[in-house]
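Chains, contacts and geometry: an overview
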Amino acid sequence: MRRNSFFPVGYGVVAAAISFSAILLVTVRSFHLPVPLAILIASAGGIWAFVTAYFSGHASAEIKRIVYEYHLTDQQLATITGRKASDFPIYEHRLRLIIPKRQWPCVLVQLQHYEEHHLNQES
C-alpha cells in the first residue's frame, strides 16, 4: 500500500506539468501575452490541475484500499453505496472505477462510514 501513497502526488505533478506547459504555450503563442503574465496564468492553471488530480488520485486509492482491506464484492459495494453492482466491476481481483469522477467523493464518504462502523463493531 505504500505505492498508493505516492500515486496521488505523482499524478498531480504530471498533470500540473502538462497543464503549465500547455497554458504557457497557448498564452504566449496564440494570445501574444507578455511572458511574465503568461507564466503567472500558467502557474495558476498548473496549481489548479495539481489540486484536482491529487484529490482524484487520492479518492481512487482510498476507495480501492477500503475495498481490498474488507474484501468487498461488487454486490456489497452496491449495497453500501446504493448504486448498481455493475458500477463496480472487479476483474482479476482489481476494482475498476467506471463511475464518473465527480461521484467518487460520495462513494468514498459512504465507504469511510462503512469502515468506521466496521471498526466500531470490532472494538
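First, a word on what this report is: a plain description of the structure on this page. Residue positions are given per chain, counting from 1 as you read along its sequence in written order. Local features in this predicted model are restricted to residues whose pLDDT is 70 or higher, and side-chain atom pairs enter the listing and the counts only when it is 80 or higher, whereas totals over whole chains, interfaces and linings include all residues. In computing side-chain values, all of the structure's heavy atoms are included and hydrogens and water are not.

**Here we look at the overall build of the chain**
Helix and strand counts for the chain come out as four helices and two strands. Strands are runs of DSSP state E lasting at least two residues, helices are runs of H or I lasting at least four, and both sets are numbered from the N terminus onward. When the elements of the chain are put in sequence order from the N terminus, they spell out α-α-α-β-β-α. We compute the radius of gyration from the C-alpha atoms alone; for a globule the expected value is 2.2 Å times N to the 0.38, where N is the number of residues. Taken over the C-alpha trace, the chain has a radius of gyration of 19 Å; the compact-globule value for 123 residues is 14 Å, which it surpasses by more than 25%. The dimensions of the chain, computed from C-alpha atoms along their principal axes, are 60 × 30 × 25 Å. Exposure is judged per residue with a 1.4 Å probe applied to protein chains only, and the accessible area is read against the type maximum: over 50% gives exposed, under 20% gives buried, and values in between give partly exposed. Here the chain holds 123 residues, and the buried ones make up 31% of them. Contacts between residues were defined by any pair of non-hydrogen atoms, one from each residue, lying within 4.5 Å. Excluding contacts between residues fewer than 6 apart, the proportion of contacts in the chain whose partners are at least 24 apart in sequence is 60%.

**Here we look at the nonpolar core**
What makes a nonpolar core is a set of buried Ala, Val, Leu, Ile, Met, Phe, Trp, Tyr and Cys residues whose side-chain atoms join them at distances within 4.5 Å. Ranked by size, the top nonpolar core spans 15 residues in total, and within it Ile 63, Val 67, Leu 77, Leu 95 and Leu 111 carry the most contacts. Mapped by element, the contributors of at least two residues to this core are α2 (35–69) and α4 (104–122). Excluding residues within four positions of it along the chain, Leu 95 makes contact with Ile 63, Lys 64, Val 67, Tyr 68, Leu 77, Phe 88, Pro 89 and Ile 90.

**Details of α2**
The terminal C-alpha atoms of α2, which comprises 35 residues, lie 49 Å apart, in line with the 51 Å expected from a rise of 1.5 Å per residue. Where α2 terminates, the next one or two residues include His 71, which has phi positive at roughly 50°. Expected helix span is computed as 1.5 Å times (number of residues minus one).

**Here we look at the pattern of salt bridges**
Once their charged atoms are close, side chains differing in charge can pair, the charge on each being opposite to the other. The salt bridge definition used is simple: a Lys or Arg side-chain nitrogen within 4 Å of an Asp or Glu carboxyl oxygen. In this structure the tally under the stated criterion is four salt bridges. Between Arg 65 and Glu 62 there is a salt bridge; the shortest N-O distance is 2.7 Å. Of the two residues, Arg 65 and Glu 62 both sit in helix α2, three residues apart, roughly one turn of that helix. The structure contains a network of salt bridges with shared partners spanning Glu 62, Arg 65, Glu 69 and Glu 115.

**Focus: the environment of Ala 38**
Here Ala 38 shows up in helix α2. Classification of Ala 38 as buried rests on a relative accessible area of 0%. Taking the C-alpha atoms as reference points, Ala 38 and Ile 23, separated by 15 residues in sequence, lie 7.8 Å from one another. Residues in contact with Ala 38, not counting those within four places in the same chain, are Leu 24, Thr 27 and Val 28.

**As for the packing of α2 against α4**
What counts as an axis is a line fitted to C-alpha atoms, over the stretch in contact for a helix, and the angles between N-to-C directions run from 0 to 180 degrees. Running from amino to carboxyl end, α2 crosses α4 at an angle of 35°, the nearest separation of the two axes being 10 Å. Here α2 and α4 pass one another in a crossing that is left-handed. Between α2, through Ser 56, Ala 59, Ser 60, Glu 62, Ile 63, Arg 65, Ile 66, Val 67 and Glu 69, and α4, the contact on the second element is made entirely by Trp 104, Val 107, Leu 108, Leu 111, Gln 112 and Glu 115. Each residue gets one of three labels, nonpolar for Ala, Val, Leu, Ile, Met, Phe, Trp, Tyr, Cys and Pro, charged for Asp, Glu, Lys and Arg, and polar for the others, Gly among them. Within the contact of α2 with α4, the residues separate by chemical class into eight nonpolar, three polar and four charged. Each crossing is labelled by how the near helix is turned from the far one, with a counterclockwise turn of less than a right angle marking it left-handed and a clockwise turn marking it right-handed.

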